[in-house]
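# Descriptive structure summary
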Amino acid sequence: MKLATFQTSKGVSYGAVSDKGVTDLGARLGARYPDLKSLISRNGLEEAKKLSQVDFKTGDITWLPVIPNPDKILCVGLNYQDHVVETGRDNTEQPAIFIRLAESQVGHRQPIVRPKESTHLDYEAEIAVIVGKAGRRISQKDAWGHIFGYSCYNDGSVRDWQRHTVQWTAGKNFPKTGGFGPWLVTADEIPPNTKMTLSCRLNGERMQHATTEQMIFKIPKIIEYVSTWTTLQPGDVLVTGTPGGVGARRTPPVWMKPGDKVEIEIDKVGILENSIADG
């Protein structure tokens, strides 16, 4: 099942996306589950699956970040070997984690904003994992049971600000610099250990391409590690790392600029598309 958050003339809602269009689950289930995060946390998926009436065409909605209000967005750096090599860094013994803020995200087909403070806006194709069940100190063998679904993520990075210090937070959190969407695909459609293929295209040219088999720290390890020091909650988002080919490490560097179109594709999920605009 594909689930998304969106806006229409009636306001913000969430729903199920199919080839026929969008079922407005918020209009029907909102009294019990006012947003997608609450549907996840209160186990409303089976109710949602019973509803199929199409309320909107996909062209009639404005896509918002899949989970607009996560408690946490935890991102993994340096998690594909070719990206580690191109950065000139060493492998870390444990996942390198940084945090994004909700305001740093935009939805599908909404512009990613290049801030006026920099022209060094880079793309990063990543797989996002949406947490479905709360947990602390989750073992790797139990990790799959805590996943609600998967989505596409563009961990847009303002590179010069990222490099101001050894901490990356500043360059990862300018408003509207990251893309999240278009929807999540529920975990029952992507069984544990499924190989997923991840790509990034900039103006139609493929810049990144990898599979989950190339991850240094696999998804269960990421869940085990972060849940040791924080309690994962339903609707939390884990962004699992980017492969090699980022713009900053090309010769000459390739920066996203106004008018560009960037696409993140995961074969089992779909395509996240964003334009670039100046802020």
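Above this text sits the structure in question.
Residues numbered from 1 in each chain as written. Predicted model: local features only at pLDDT ≥ 70, side-chain atom pairs only at ≥ 80, totals over all residues. Heavy atoms only, no water.

## Regarding the overall build of the protein
A count of helices and strands for the protein gives 7 helices and 18 strands. A compact globule built from 279 residues would reach a C-alpha radius of gyration of about 19 Å, and the protein, at 18 Å, matches this within 12%. The principal-axis extents of the C-alpha atoms in the protein amount to approximately 50 × 45 × 30 Å. Split into buried and exposed, the 279 residues of the protein put 55% on the buried side. (Helix = DSSP H or I, 4+ residues; strand = E, 2+ residues; numbered from the N terminus. Rg over C-alpha atoms; globule rule 2.2 N^0.38 Å. Buried < 20%, exposed > 50% of the residue type's maximum accessible area, 1.4 Å probe, protein only.)

## Comments concerning the environment of glutamine 105
Residue position: glutamine 105 is located in strand 7 (residues 105–106). Judged by its relative accessible area of 6%, glutamine 105 is buried. Once residues within four sequence positions are removed from consideration, glutamine 105 is found in contact with Pro65, Ile67, Ile73, Tyr153, Lys176, Gly178 and Phe180. (Contact = heavy atoms within 4.5 Å.)

## As for unusual backbone geometry
With an omega of 0°, the peptide bond between glycine 181 and proline 182 qualifies as cis. Along the chain, proline 182 falls in strand 13 (residues 178–186). Omega for the bond connecting threonine 251 with proline 252 falls within 30 degrees of zero, at -5°, which places this linkage in the cis form. Looking at the secondary structure, you find proline 252 in the loop between strand 16 (237–239) and strand 17 (261–266).

## A few points about the sheet that holds strand 17
Here 5 strands make up an open sheet; going across it, the order is 8-18-17-14-15 and the pairing mixed. In this open sheet, the two edge strands, each paired with only one partner strand, are strand 8 (112–114) and strand 15 (205–211). For this sheet, the mean angle separating the axes of adjacent strands, direction not counted, is 20°. In this structure, strand 8 lies alongside strand 18 (residues 270–278), joined through 3 bridges in parallel fashion. Along strand 18, the bridge assignment pairs arginine 114 with aspartate 278. (Pairing = 2+ DSSP bridges. Axes fitted to C-alpha atoms, helices over the stretch in contact; angles between N-to-C directions.)

## With respect to helix 7 (residues 219–229)
For helix 7, every residue scored as buried is listed here: Ile219, Pro220, Ile222, Ile223, Val226 and Ser227. On an axial view of helix 7, the arc spanned by its buried residues comes to 155°, and they lie on one face. Buried residues belonging to helix 7 abut strand 5 (73–77), strand 6 (96–100), strand 10 (125–131), helix 5 (140–143), strand 11 (147–154) and strand 16. (Arc of directions from axis to C-beta.)

## A look at the pattern of salt bridges
Counted according to the given criterion, the structure contains 18 salt bridges. Notably, a salt bridge pairs aspartate 71 with lysine 72, separated by 2.8 Å at the nearest N-O pair. Taking the shortest distance from any N to any O, the salt bridge between lysine 172 and aspartate 155 comes out at 2.9 Å. With lysine 172 in the loop between helix 6 (159–162) and strand 13 and aspartate 155 in the loop between strand 11 and strand 12 (157–158), the pair connects residues that are 17 residues apart, well separated along the chain. One exposure class covers both lysine 172 and aspartate 155, and it is buried. One salt-bridge network, in which partners are shared between bridges, spans Arg100, Asp122, Glu124, Asp155, Arg159 and Lys172. (Salt bridge = Lys/Arg side-chain N within 4 Å of Asp/Glu carboxyl O.)

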